[in-house]
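# Topology and contacts: notes
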Amino acid sequence: MAIPSLKIIDALRKTANQLENGHRYEWGNMGSCNCGNLAQTITSFTRGEIQKYAIEKRGDWSEQLMEYCPTSGFPMDLIIEKMIYFGFSKQDLRHLEWLSDTEILAKIEPSKHLNRNLKADTILYMKTWATMLEDKMLEGIKLPNIKEDTCQVLVTK
């Protein structure tokens, strides 16, 4: 699971909001599917560029993530490298493409079955993931225990 960070939370929420506001979604297109939309948010690549680079290699996002090689020279591997450098793991991205991370799914209504190729389910998954990471960040913040007798109250007339 991605290490909780503000930039990852922001990227997930921004991507979900873009999808809610009409950003193109097409699960069968590697530039506008689940990972493709996130890649657009965190890299300088367009939907069309991502699709063009993706077809230079075989397979979908899951297969290309498994075969990822940072020294291959393939532009798709550069896109994946940028996403990994940003803070996502290959496993995070595979789960995103298939909406399959059990920890994220556990936070969603148990009776709700997500379909990997539905825009609304992708939005729900990304928002839930962002909230989960935010909660983990907040859990790690420890506030000092302040005693009442050490505080002074200023009264102005």
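We now turn to the structure provided with this report.

Each value, and the rule that gives it
- Residues numbered from 1 in each chain as written.
- Predicted model: local features only at pLDDT ≥ 70, side-chain atom pairs only at ≥ 80, totals over all residues.
- Heavy atoms only, no water.
- Phe/Tyr/Trp six-rings, centres within 6.5 Å; stacked < 30°, edge-to-face > 60°.
- Buried < 20%, exposed > 50% of the residue type's maximum accessible area, 1.4 Å probe, protein only.
- Core = buried A, V, L, I, M, F, W, Y, C linked by side-chain atoms within 4.5 Å.
- Helix = DSSP H or I, 4+ residues; strand = E, 2+ residues; numbered from the N terminus.
- Contact = heavy atoms within 4.5 Å.

One pass over the full model with this rule turns up five aromatic pairs. Consider the rings of Phe45 and Tyr53, whose centres lie 5.7 Å apart with planes at 90°: the pair is edge-to-face. Tyr53 matches Phe45 in its accessibility class, with the two residues each being buried. Ring geometry for Tyr125 against Trp129: centres 6.2 Å apart, planes inclined by 70°, an arrangement best described as edge-to-face.

Okay, the nonpolar core next. Leu12, Leu38, Trp61, Met76, Ile79, Phe88 and Trp129 are the most contacted members of the largest nonpolar core, which has 40 residues in total. Of all the secondary structure elements, the ones that give two or more residues to this core are helix H1 (6-20), helix H2 (34-42), helix H3 (47-54), helix H4 (61-66), helix H5 (75-86), helix H6 (90-98) and helix H8 (119-139). Setting aside residues up to four positions removed in sequence, Trp61 forms contacts with Met30, Cys33, Cys35, Gly36, Ala39, Ile50, Met76, Ile79, Ile80, Met83 and Glu97.

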